[in-house]
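Notes for the structure review
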Amino acid sequence: MWKLQFSGLKYLFLLLVFGFGCSKKQAEEHNFYYWKTTYTTTNTEKAALKNNDTKKIYFRLCDIEMSYDKKPHPENVILWTEQPDTNYHYIPVLFIKNEVFENLTSTSELGNTTDINKQLILDLADKIHRLAQSSMEYVGLELTELQLDCDWNATTKDAFFFCLESIKKENPTLKLSATIRLYQLKYNHAAGIPPVDKAVIMCYNMGDMYDAKGGNSVFDIDIIEQYLDKKQEYKEIPISFALPIYSWYLAYRNDQFRGIVRNLSEEELTKYFVELDDTHYRCNTNDLSKYQLQAGDVLRFESATTKQLQLGEKMLKSKLPNWNGEIIFFDLDGSSLTRYDKEILD
(Lines give C-alpha, C1' and ligand atoms only; values in the text may rest on other atoms or scores of the structure.)
Protein backbone atom coordinates (compact mmCIF):
# COMPACT_ATOMS: atom_id res chain seq x y z
CA MET A 1 0.00 0.00 0.00
CA TRP A 2 1.14 3.51 -0.72
CA LYS A 3 0.98 4.90 2.78
CA LEU A 4 3.48 6.26 5.25
CA GLN A 5 4.77 4.37 8.23
CA PHE A 6 5.92 6.14 11.37
CA SER A 7 7.02 4.61 14.65
CA GLY A 8 9.78 4.83 17.23
CA LEU A 9 12.94 2.82 16.61
CA LYS A 10 16.42 2.73 18.04
CA TYR A 11 18.48 5.79 17.27
CA LEU A 12 20.98 5.71 14.40
CA PHE A 13 24.58 6.80 14.56
CA LEU A 14 25.29 9.73 12.26
CA LEU A 15 28.66 10.99 11.30
CA LEU A 16 30.40 14.13 12.40
CA VAL A 17 31.34 16.65 9.77
CA PHE A 18 33.63 16.15 6.90
CA GLY A 19 34.99 18.79 4.57
CA PHE A 20 37.70 19.48 2.06
CA GLY A 21 40.92 21.34 2.54
CA CYS A 22 39.68 23.81 -0.06
CA SER A 23 38.06 27.02 1.09
CA LYS A 24 34.32 27.36 1.50
CA LYS A 25 34.39 29.88 -1.32
CA GLN A 26 35.22 26.98 -3.61
CA ALA A 27 32.65 24.65 -2.05
CA GLU A 28 29.69 26.85 -1.28
CA GLU A 29 27.74 24.04 0.35
CA HIS A 30 28.70 20.80 2.07
CA ASN A 31 25.47 18.84 2.35
CA PHE A 32 24.66 15.26 3.27
CA TYR A 33 22.65 12.24 2.26
CA TYR A 34 20.77 10.54 5.07
CA TRP A 35 20.32 6.93 3.96
CA LYS A 36 18.79 5.28 7.01
CA THR A 37 15.26 4.00 7.52
CA THR A 38 14.71 5.97 10.74
CA TYR A 39 15.31 9.68 11.22
CA THR A 40 16.81 10.63 14.55
CA THR A 41 19.96 12.53 15.53
CA THR A 42 22.16 12.95 18.60
CA ASN A 43 23.40 16.23 20.06
CA THR A 44 26.85 15.52 18.63
CA GLU A 45 25.42 15.08 15.18
CA LYS A 46 23.33 18.23 15.44
CA ALA A 47 26.44 20.18 16.39
CA ALA A 48 28.39 18.56 13.54
CA LEU A 49 25.88 19.63 10.90
CA LYS A 50 25.89 23.15 12.34
CA ASN A 51 29.68 23.38 12.38
CA ASN A 52 29.86 22.18 8.79
CA ASP A 53 27.46 24.94 7.67
CA THR A 54 25.22 22.31 6.13
CA LYS A 55 22.21 23.72 4.33
CA LYS A 56 20.46 20.61 2.98
CA ILE A 57 19.82 17.04 4.11
CA TYR A 58 18.82 14.67 1.33
CA PHE A 59 16.95 11.92 3.14
CA ARG A 60 16.05 8.57 1.64
CA LEU A 61 12.26 8.52 1.70
CA CYS A 62 11.84 4.96 0.43
CA ASP A 63 12.70 2.40 -2.22
CA ILE A 64 10.24 1.70 -4.98
CA GLU A 65 10.33 -1.81 -6.36
CA MET A 66 8.13 -4.40 -7.99
CA SER A 67 6.05 -6.35 -5.50
CA TYR A 68 4.26 -9.69 -5.49
CA ASP A 69 1.37 -8.21 -7.48
CA LYS A 70 3.80 -7.12 -10.22
CA LYS A 71 3.12 -3.48 -9.42
CA PRO A 72 5.53 -0.88 -8.02
CA HIS A 73 5.25 -0.28 -4.28
CA PRO A 74 7.25 1.76 -1.74
CA GLU A 75 9.40 -0.27 0.62
CA ASN A 76 11.03 0.75 3.91
CA VAL A 77 9.45 4.19 4.08
CA ILE A 78 11.40 6.38 6.49
CA LEU A 79 10.21 6.40 10.09
CA TRP A 80 10.26 9.85 11.68
CA THR A 81 11.09 9.56 15.37
CA GLU A 82 12.44 13.08 15.65
CA GLN A 83 11.10 16.39 14.45
CA PRO A 84 13.35 17.75 11.68
CA ASP A 85 15.43 20.82 12.47
CA THR A 86 14.02 23.73 10.50
CA ASN A 87 17.53 25.18 10.19
CA TYR A 88 18.02 22.68 7.36
CA HIS A 89 16.25 22.16 4.10
CA TYR A 90 15.08 18.55 3.81
CA ILE A 91 14.86 16.96 0.37
CA PRO A 92 13.20 13.54 -0.04
CA VAL A 93 14.99 11.04 -2.27
CA LEU A 94 13.25 8.01 -3.75
CA PHE A 95 15.37 5.14 -4.99
CA ILE A 96 13.49 3.51 -7.87
CA LYS A 97 14.72 0.14 -9.03
CA ASN A 98 15.29 -0.01 -12.76
CA GLU A 99 13.04 -3.07 -12.94
CA VAL A 100 10.08 -0.76 -12.27
CA PHE A 101 10.63 1.02 -15.57
CA GLU A 102 11.57 -2.22 -17.31
CA ASN A 103 8.12 -3.46 -16.38
CA LEU A 104 6.61 -0.31 -17.90
CA THR A 105 8.57 -0.63 -21.14
CA SER A 106 8.07 -3.00 -24.05
CA THR A 107 10.65 -3.57 -26.78
CA SER A 108 10.00 -4.59 -30.36
CA GLU A 109 11.13 -8.01 -31.56
CA LEU A 110 13.90 -6.35 -33.53
CA GLY A 111 14.97 -4.51 -30.40
CA ASN A 112 15.20 -1.14 -32.14
CA THR A 113 12.05 0.53 -30.77
CA THR A 114 10.48 0.80 -27.34
CA ASP A 115 7.01 1.64 -26.14
CA ILE A 116 6.06 2.80 -22.65
CA ASN A 117 2.85 2.46 -20.68
CA LYS A 118 2.13 6.15 -20.20
CA GLN A 119 -1.01 5.66 -18.13
CA LEU A 120 0.74 3.51 -15.55
CA ILE A 121 3.69 5.88 -15.46
CA LEU A 122 1.35 8.83 -14.90
CA ASP A 123 -0.15 6.93 -11.98
CA LEU A 124 3.32 6.16 -10.62
CA ALA A 125 4.38 9.81 -10.92
CA ASP A 126 1.29 10.94 -9.04
CA LYS A 127 1.88 8.43 -6.24
CA ILE A 128 5.53 9.44 -5.94
CA HIS A 129 4.61 13.07 -5.51
CA ARG A 130 1.78 12.38 -3.07
CA LEU A 131 4.00 10.15 -0.95
CA ALA A 132 6.72 12.81 -0.81
CA GLN A 133 4.16 15.51 -0.07
CA SER A 134 2.48 13.59 2.75
CA SER A 135 5.83 12.67 4.32
CA MET A 136 6.92 16.29 4.43
CA GLU A 137 3.54 17.49 5.70
CA TYR A 138 3.62 14.90 8.47
CA VAL A 139 6.65 16.61 10.01
CA GLY A 140 5.57 20.13 9.13
CA LEU A 141 7.88 20.70 6.16
CA GLU A 142 7.23 22.13 2.73
CA LEU A 143 8.07 20.07 -0.33
CA THR A 144 10.08 22.30 -2.65
CA GLU A 145 12.57 19.81 -4.11
CA LEU A 146 12.37 16.11 -4.93
CA GLN A 147 15.16 13.80 -6.04
CA LEU A 148 14.79 10.52 -7.91
CA ASP A 149 17.59 7.96 -7.83
CA CYS A 150 17.40 5.36 -10.58
CA ASP A 151 20.00 3.34 -12.46
CA TRP A 152 18.17 3.75 -15.76
CA ASN A 153 19.62 2.65 -19.08
CA ALA A 154 19.06 3.13 -22.81
CA THR A 155 16.04 0.82 -22.71
CA THR A 156 14.29 2.37 -19.72
CA LYS A 157 15.23 6.02 -20.20
CA ASP A 158 11.96 6.89 -22.01
CA ALA A 159 9.86 5.54 -19.15
CA PHE A 160 11.99 7.20 -16.45
CA PHE A 161 12.14 10.52 -18.28
CA PHE A 162 8.37 10.50 -18.86
CA CYS A 163 7.89 9.93 -15.14
CA LEU A 164 10.05 12.99 -14.40
CA GLU A 165 8.21 15.06 -16.99
CA SER A 166 4.86 14.02 -15.54
CA ILE A 167 5.83 15.05 -12.01
CA LYS A 168 7.10 18.38 -13.26
CA LYS A 169 4.05 19.04 -15.43
CA GLU A 170 1.70 18.57 -12.49
CA ASN A 171 3.98 20.46 -10.10
CA PRO A 172 5.76 23.15 -12.14
CA THR A 173 7.23 24.97 -9.13
CA LEU A 174 8.75 21.79 -7.68
CA LYS A 175 12.51 21.52 -8.20
CA LEU A 176 13.41 18.10 -9.60
CA SER A 177 16.84 16.52 -9.39
CA ALA A 178 18.20 13.15 -10.41
CA THR A 179 21.30 11.15 -9.58
CA ILE A 180 23.64 10.51 -12.52
CA ARG A 181 26.04 7.60 -12.54
CA LEU A 182 29.38 7.96 -14.26
CA TYR A 183 28.48 5.69 -17.16
CA GLN A 184 25.28 7.67 -17.72
CA LEU A 185 27.38 10.82 -17.82
CA LYS A 186 29.90 9.46 -20.31
CA TYR A 187 27.47 7.58 -22.55
CA ASN A 188 24.72 10.19 -22.52
CA HIS A 189 24.16 9.70 -26.25
CA ALA A 190 22.63 6.32 -25.36
CA ALA A 191 21.47 6.88 -21.77
CA GLY A 192 20.05 10.31 -22.49
CA ILE A 193 19.95 13.40 -20.28
CA PRO A 194 17.03 13.48 -17.82
CA PRO A 195 14.63 16.46 -17.84
CA VAL A 196 15.57 17.79 -14.42
CA ASP A 197 16.54 21.05 -12.78
CA LYS A 198 19.71 19.63 -11.24
CA ALA A 199 21.99 16.65 -11.86
CA VAL A 200 23.90 14.97 -9.04
CA ILE A 201 26.98 13.10 -10.29
CA MET A 202 27.48 10.00 -8.12
CA CYS A 203 31.21 9.46 -7.65
CA TYR A 204 31.23 6.28 -5.61
CA ASN A 205 30.55 2.55 -5.99
CA MET A 206 32.50 2.72 -9.21
CA GLY A 207 34.77 -0.33 -9.08
CA ASP A 208 34.24 -4.09 -9.19
CA MET A 209 33.73 -5.38 -5.67
CA TYR A 210 33.46 -8.94 -6.97
CA ASP A 211 37.11 -8.95 -8.09
CA ALA A 212 39.29 -10.10 -5.20
CA LYS A 213 42.33 -8.62 -6.92
CA GLY A 214 40.59 -5.38 -7.89
CA GLY A 215 41.15 -1.89 -6.64
CA ASN A 216 39.04 0.35 -4.42
CA SER A 217 35.43 -0.07 -5.49
CA VAL A 218 34.26 2.83 -3.31
CA PHE A 219 36.35 5.55 -4.92
CA ASP A 220 38.99 5.45 -7.65
CA ILE A 221 40.51 8.56 -9.26
CA ASP A 222 41.61 6.63 -12.34
CA ILE A 223 38.07 5.40 -13.00
CA ILE A 224 36.67 8.90 -12.62
CA GLU A 225 39.20 10.15 -15.15
CA GLN A 226 38.23 7.42 -17.60
CA TYR A 227 34.57 8.44 -17.46
CA LEU A 228 35.37 12.10 -17.86
CA ASP A 229 37.79 11.74 -20.77
CA LYS A 230 35.16 12.36 -23.42
CA LYS A 231 33.06 15.39 -24.17
CA GLN A 232 29.93 15.41 -22.04
CA GLU A 233 26.68 17.14 -22.85
CA TYR A 234 25.48 18.20 -19.40
CA LYS A 235 25.84 21.87 -20.24
CA GLU A 236 22.44 23.31 -19.41
CA ILE A 237 21.81 21.59 -16.08
CA PRO A 238 23.49 22.70 -12.83
CA ILE A 239 25.65 19.89 -11.48
CA SER A 240 26.31 18.81 -7.89
CA PHE A 241 28.96 16.27 -6.88
CA ALA A 242 28.17 13.36 -4.56
CA LEU A 243 31.29 11.99 -2.86
CA PRO A 244 31.73 9.05 -0.46
CA ILE A 245 32.61 9.31 3.21
CA TYR A 246 31.64 5.75 4.05
CA SER A 247 33.75 2.62 4.30
CA TRP A 248 33.29 -1.12 4.35
CA TYR A 249 35.07 -4.43 4.34
CA LEU A 250 34.59 -6.75 1.38
CA ALA A 251 34.83 -10.45 2.26
CA TYR A 252 36.39 -13.07 -0.04
CA ARG A 253 36.72 -16.82 0.34
CA ASN A 254 39.14 -18.48 -2.05
CA ASP A 255 39.05 -15.23 -4.07
CA GLN A 256 35.26 -15.47 -4.40
CA PHE A 257 33.19 -12.53 -3.21
CA ARG A 258 31.16 -13.38 -0.10
CA GLY A 259 29.60 -10.07 0.84
CA ILE A 260 29.99 -6.74 2.61
CA VAL A 261 31.00 -6.65 6.27
CA ARG A 262 29.90 -3.55 8.16
CA ASN A 263 30.43 -2.37 11.72
CA LEU A 264 33.47 -4.54 12.37
CA SER A 265 35.09 -3.13 15.49
CA GLU A 266 38.80 -2.37 15.90
CA GLU A 267 38.84 -4.83 18.77
CA GLU A 268 37.48 -7.61 16.54
CA LEU A 269 39.88 -6.70 13.77
CA THR A 270 42.88 -6.89 16.10
CA LYS A 271 41.75 -10.09 17.84
CA TYR A 272 40.48 -12.18 14.96
CA PHE A 273 42.48 -11.05 11.91
CA VAL A 274 46.03 -11.03 10.65
CA GLU A 275 47.02 -7.88 8.80
CA LEU A 276 48.35 -8.71 5.35
CA ASP A 277 48.89 -5.12 4.20
CA ASP A 278 47.29 -1.71 4.70
CA THR A 279 43.91 -2.81 3.35
CA HIS A 280 43.78 -6.63 3.56
CA TYR A 281 43.16 -8.84 6.60
CA ARG A 282 42.93 -12.64 6.94
CA CYS A 283 40.45 -14.12 9.41
CA ASN A 284 41.99 -16.58 11.90
CA THR A 285 38.85 -17.91 13.60
CA ASN A 286 35.52 -19.57 12.96
CA ASP A 287 33.90 -17.57 15.77
CA LEU A 288 32.61 -14.74 13.58
CA SER A 289 29.42 -16.38 12.39
CA LYS A 290 27.55 -13.09 12.86
CA TYR A 291 29.52 -11.81 9.88
CA GLN A 292 29.29 -15.16 8.09
CA LEU A 293 33.08 -15.41 8.10
CA GLN A 294 35.37 -18.42 8.41
CA ALA A 295 39.05 -18.86 9.13
CA GLY A 296 41.02 -18.09 5.97
CA ASP A 297 38.56 -15.54 4.62
CA VAL A 298 40.16 -12.28 3.52
CA LEU A 299 38.72 -8.82 4.06
CA ARG A 300 39.55 -5.82 1.89
CA PHE A 301 39.02 -2.46 3.57
CA GLU A 302 37.73 0.27 1.29
CA SER A 303 37.20 3.98 1.89
CA ALA A 304 38.10 7.33 0.38
CA THR A 305 40.90 9.31 1.98
CA THR A 306 40.83 13.07 2.31
CA LYS A 307 43.59 13.40 -0.28
CA GLN A 308 41.73 11.19 -2.76
CA LEU A 309 38.55 13.20 -2.35
CA GLN A 310 40.44 16.46 -2.81
CA LEU A 311 41.96 15.16 -6.05
CA GLY A 312 38.58 13.88 -7.22
CA GLU A 313 36.93 17.20 -6.48
CA LYS A 314 39.63 19.07 -8.41
CA MET A 315 39.24 16.77 -11.41
CA LEU A 316 35.46 17.03 -11.42
CA LYS A 317 35.54 20.81 -11.25
CA SER A 318 37.96 20.99 -14.18
CA LYS A 319 35.91 18.61 -16.34
CA LEU A 320 32.41 19.74 -15.34
CA PRO A 321 32.33 23.54 -15.45
CA ASN A 322 28.59 23.54 -14.76
CA TRP A 323 29.26 22.69 -11.10
CA ASN A 324 26.85 24.64 -8.92
CA GLY A 325 29.09 24.77 -5.84
CA GLU A 326 27.38 21.91 -3.98
CA ILE A 327 29.05 18.78 -2.64
CA ILE A 328 26.80 16.11 -1.14
CA PHE A 329 28.51 13.55 1.07
CA PHE A 330 27.22 9.99 1.11
CA ASP A 331 26.31 9.26 3.75
CA LEU A 332 25.85 10.22 7.40
CA ASP A 333 27.27 7.39 9.48
CA GLY A 334 28.95 7.47 12.88
CA SER A 335 31.55 4.90 11.91
CA SER A 336 33.16 7.47 9.59
CA LEU A 337 33.94 9.80 12.50
CA THR A 338 37.44 8.58 13.26
CA ARG A 339 38.68 8.56 9.67
CA TYR A 340 38.43 12.26 8.93
CA ASP A 341 40.11 15.12 10.75
CA LYS A 342 37.76 17.83 11.99
CA GLU A 343 40.36 20.44 11.08
CA ILE A 344 39.72 19.75 7.41
CA LEU A 345 36.77 22.05 7.78
CA ASP A 346 38.86 25.05 8.76
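How each quantity is defined
Residues numbered from 1 in each chain as written. Predicted model: local features only at pLDDT ≥ 70, side-chain atom pairs only at ≥ 80, totals over all residues. Heavy atoms only, no water. Helix = DSSP H or I, 4+ residues; strand = E, 2+ residues; numbered from the N terminus. Buried < 20%, exposed > 50% of the residue type's maximum accessible area, 1.4 Å probe, protein only. Contact = heavy atoms within 4.5 Å. Areas by Shrake-Rupley, 256 points an atom, 1.4 Å probe, with all protein chains shown as cover. Polar contact = N/O pair within 3.5 Å; in protein donor to acceptor, adjacent residues only side chain to side chain. pLDDT = per-residue confidence, 0-100. Core = buried A, V, L, I, M, F, W, Y, C linked by side-chain atoms within 4.5 Å. Salt bridge = Lys/Arg side-chain N within 4 Å of Asp/Glu carboxyl O. Pairing = 2+ DSSP bridges. Axes fitted to C-alpha atoms, helices over the stretch in contact; angles between N-to-C directions.

**As for the overall build of the chain**
- Helix and strand content of the chain: 9 helices and 18 strands.
- Considering the chain as a whole, with its 346 residues, one finds that 52% of them fall into the buried category.
- For the chain, the share of sequence-separated contacts (at least 6 apart) that also reach a separation of at least 24 residues comes to 74%.
- Accessible surface, the chain as shown: approximately 17,200 Å² in total, 46% of it carbon and sulfur.

**Things to note about the side chain of Thr54**
- Structurally, the position occupied by Thr54 is in the loop between helix H1 (43-51) and strand E3 (56-66).
- A distance of 3.1 Å separates a polar side-chain atom of Thr54 from the backbone oxygen of His30.
- Contact partners of Thr54, with chain neighbours within four places excluded, come to His30, Asn31, Phe32, Leu49 and Tyr88.

**Remarks on the confidence of the model for the chain**
- For the chain, per-residue confidence averages 86 on the pLDDT scale, and residues scoring 70 or more make up 86% of the total.
- Here residues 3-25 scores under 50 on pLDDT; set against residues more than four positions off or in separate chains, the count is 88 contacts.
- Between residues 342-346, whose pLDDT stays under 50, and residues either more than four places distant or in other chains, the model counts 11 contacts.

**Describing the nonpolar core**
- Ranked by size, the top nonpolar core spans 91 residues in total, and within it Ile128 and Phe219 carry the most contacts.
- Listed in part, the 14 residues of the second largest apolar core include Leu264, Cys283, Leu288 and Leu299.

**Digging into the pattern of salt bridges**
- A full pass over the atoms with the stated rule returns 15 salt bridges.
- Its salt-bridge partner being Lys127, residue Asp123 comes within 3.3 Å of it at the nearest N-O pair. Of the two residues, Asp123 and Lys127 are both situated in helix H3 (residues 118-138); the distance of 4 residues between them amounts to about one turn of the helix.
- For Asp123, a relative accessible area of 34% puts it in the partly exposed group.
- The residue Arg130 makes a salt bridge to Asp126 at a minimum N-O spacing of 2.9 Å. With a gap of 4 residues between them, Arg130 and Asp126 both fall in helix H3, about one helical turn apart.
- Given the relative accessible area of 46%, Arg130 is considered partly exposed.
- You can call Asp126 partly exposed: its relative accessible area is 38%.

**Thoughts on the pairing of strand E11 (residues 198-202)**
- Summarising burial for E11: 5 of the 5 residues are buried, a large majority.
- Along E11, one buried face is formed by Lys198, Val200 and Met202 and the opposite face, lined by Ala199 and Ile201, is buried too.
- In terms of strand pairing, strand E10 (residues 175-181) meets E11 through 5 bridges, oriented parallel. Within E11, the residue paired with Thr179 across the bridge is Val200.
- The sheet contact formed by E11 and strand E12 (residues 239-244) spans 4 bridges and is parallel. Each residue of the ladder has a partner; that of Ile201, found in E12, is Phe241.

**Remarks on unusual backbone geometry**
- Following Phe330, the chain continues to Asp331 via a peptide bond in cis, the omega torsion being -10 degrees.
- The topology assignment puts Asp331 in the segment after strand E18 (323-330).
- The phi torsion at Asn205 lies on the positive side, around 50 degrees, for a residue other than glycine.
- Tracing the backbone shows Asn205 in the loop between E11 and helix H7 (221-227).

**Let's talk about the sheet that holds strand E15 (residues 273-275)**
- Here 5 strands make up an open sheet; going across it, the order is E14-E13-E17-E16-E15 and the pairing antiparallel. Each end of this open sheet is capped by a strand with a single partner; those strands are strand E14 (256-261) and E15. Mean inter-strand twist for the sheet, computed between neighbouring axes without regard to direction, equals 30 degrees.
- Both strand E16 (residues 280-283) and strand E17 (residues 298-302) contribute to a ladder of 3 bridges, which runs antiparallel. The residue of E17 that forms the bridge with Tyr281 is Leu299.

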